[in-house]
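What the coordinates show
Residue strings, one per chain:
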Amino acid sequence: ARPVRLRAMTAVITPFAARDSHWVVQEHQRHYEQGEGFDARFSPLVSRILSDFAERNDPQEQGWVARDGAARMGCVFCMRHADGYAQLRLFYLVPEARGRGLGRRLLETCMAWARAQGFAEMRLWTHASHEAACALYQKSGFVCDSSRPVQSFGCDLVEQVWHRTL
């Protein structure tokens with residue numbers, strides 16, 4: 001078999017806009033419910049996170065969407081946790097964008113924003129099954145603080161909490 005050559009990705013990262021909301025929810029639902037077996041409780045959680053983000057209209061919070069032409073390729077959000085740290089949320093890349101450096105660019109954009117807003121620390125919650133994302137977090141200076149088996153969204157998962165100093 002001949003390797004498939006992917007065209008160069010010329011993605012630009014732009015601030016999240018309300019018109020991106022449906023795509024963020026739809027992509028999370030498609031990937032996590034269809035691809036990973038999460039149950040129907042997952043997409044309402046994503047909708048709630050976006051709704052809270054919009055309602056707060058907090059100047060210390062921001063989201064970004066990566067686009068390659070007209071196509072949305074990924075997203076990430078920096079949100080202020082009640083305990084005063086920056087929280088990385090809703091980090092996602094479409095499958096065809098993975099392994100091409102775009103996730104790193106989104107993560108770096110989010111961390112730079114958090115630093116500029118005066119946050120001293122960033123935390124995130126994920127699952128151990130997201131191996132590529134966890135490898136990226138580790139390469140970017142995050143440390144896994146805790147790891148525990150859980151039953152979430154109808155699946156047996158290993159929940160992890162990661163942090164890094166900014």
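Since the model is a prediction, treat every value here as computed from it, not as a measurement. (Residues numbered from 1 in each chain as written. Predicted model: local features only at pLDDT ≥ 70, side-chain atom pairs only at ≥ 80, totals over all residues. Heavy atoms only, no water.)

Overview of the packing of aromatic side chains
Enumeration over the complete set of coordinates arrives at 13 aromatic pairs. A centroid spacing of 5.0 Å and a plane angle of 55 degrees characterise the contact between Tyr32 and Phe42, whose relative ring orientation is tilted. Pair noted here: Tyr32 is in helix H1 (residues 21-35) and Phe42 is in helix H2 (residues 42-56), with a separation of 10 residues, a long-range link. For the pair Tyr32 and Phe42, one class covers both residues: buried. Consider the rings of Phe91 and Tyr137, whose centres lie 6.2 Å apart with planes at 45 degrees: the pair is tilted. (Phe/Tyr/Trp six-rings, centres within 6.5 Å; stacked < 30°, edge-to-face > 60°. Helix = DSSP H or I, 4+ residues; strand = E, 2+ residues; numbered from the N terminus. Buried < 20%, exposed > 50% of the residue type's maximum accessible area, 1.4 Å probe, protein only.)

Brief notes about the sheet that holds strand S5 (residues 121-127)
Within the open sheet, the seven strands sit side by side as S1-S2-S3-S4-S5-S7-S6. Their pairing is mixed. Here the strands that pair on one side only, and so sit at the sheet edges, are strand S1 (12-15) and strand S6 (143-152). Each strand axis lies, on average, 25 degrees off the axis of its neighbour in the sheet, ignoring direction. Two strands pair when backbone bridges link them, and S6 and strand S7 (residues 155-165) are joined in this way by nine bridges, in the antiparallel orientation. Bridging across to S7, Val143 finds its partner in His163. Of the strands in this sheet, strand S3 (71-80) and strand S4 (86-93) touch H1, which is tilted by about 70 degrees from S4. Against the sheet, H2 contacts strand S2 (62-68), S3 and S4, and its axis sits at roughly 60 degrees relative to S3. (Pairing = 2+ DSSP bridges. Axes fitted to C-alpha atoms, helices over the stretch in contact; angles between N-to-C directions. Contact = heavy atoms within 4.5 Å.)

So, the pairing of S5
Sheet analysis places S4 next to S5, joined by two bridges and oriented parallel. Among the inter-strand pairings, Gln87 is bridged to a residue of S5, identified as Arg123. Between the parallel pair S4 and S5, the chain is carried across by helix H3 (residues 102-116), and the sense of this crossover is right-handed. Where S5 meets S7, seven bridges bridge the pair, whose relative direction is antiparallel. Each residue of the ladder has a partner; that of Arg123, found in S7, is His163. (Right-handed = clockwise from strand over helix to strand, strands pointing away.)

Concerning the nonpolar core
Of all hydrophobic cores here, the largest spans 47 residues; its most connected members are Leu88 and Met122. Those residues in contact with Leu88 that sit more than four places away from it in its chain are Val76, Phe77, Leu107, Cys110, Met122, Arg123, Leu124 and Tyr137. (Core = buried A, V, L, I, M, F, W, Y, C linked by side-chain atoms within 4.5 Å.)

With respect to the pattern of salt bridges
Tallying each qualifying case throughout the model produces nine salt bridges. The residue Asp20 makes a salt bridge to Arg67 at a minimum N-O spacing of 2.8 Å. Of this pair, Asp20 sits in the loop between S1 and H1 while Arg67 sits in strand S2, and the two are 47 residues apart along the sequence. Comparing Asp20 with Arg67, the two get one shared label, buried. A salt bridge links Arg30 to Glu27; the nearest nitrogen and oxygen atoms lie 2.6 Å apart. In this pair, Arg30 and Glu27 both sit in helix H1, three residues apart, roughly one turn of the helix. Shared partners join several salt bridges into a network, and the residues in it are Asp20, Arg67 and Arg72. (Salt bridge = Lys/Arg side-chain N within 4 Å of Asp/Glu carboxyl O.)

Details of H3
For H3, which comprises 15 residues, the first-to-last C-alpha distance of 21 Å matches the rise-based estimate of 21 Å (1.5 Å per residue) to within 8%. Buried residues of H3: Leu102, Gly103, Leu106, Leu107, Cys110, Met111 and Ala114, and no others. Gly118 sits one or two positions beyond H3 and adopts a positive phi of about 90 degrees. (Expected span 1.5 Å × (residues − 1).)

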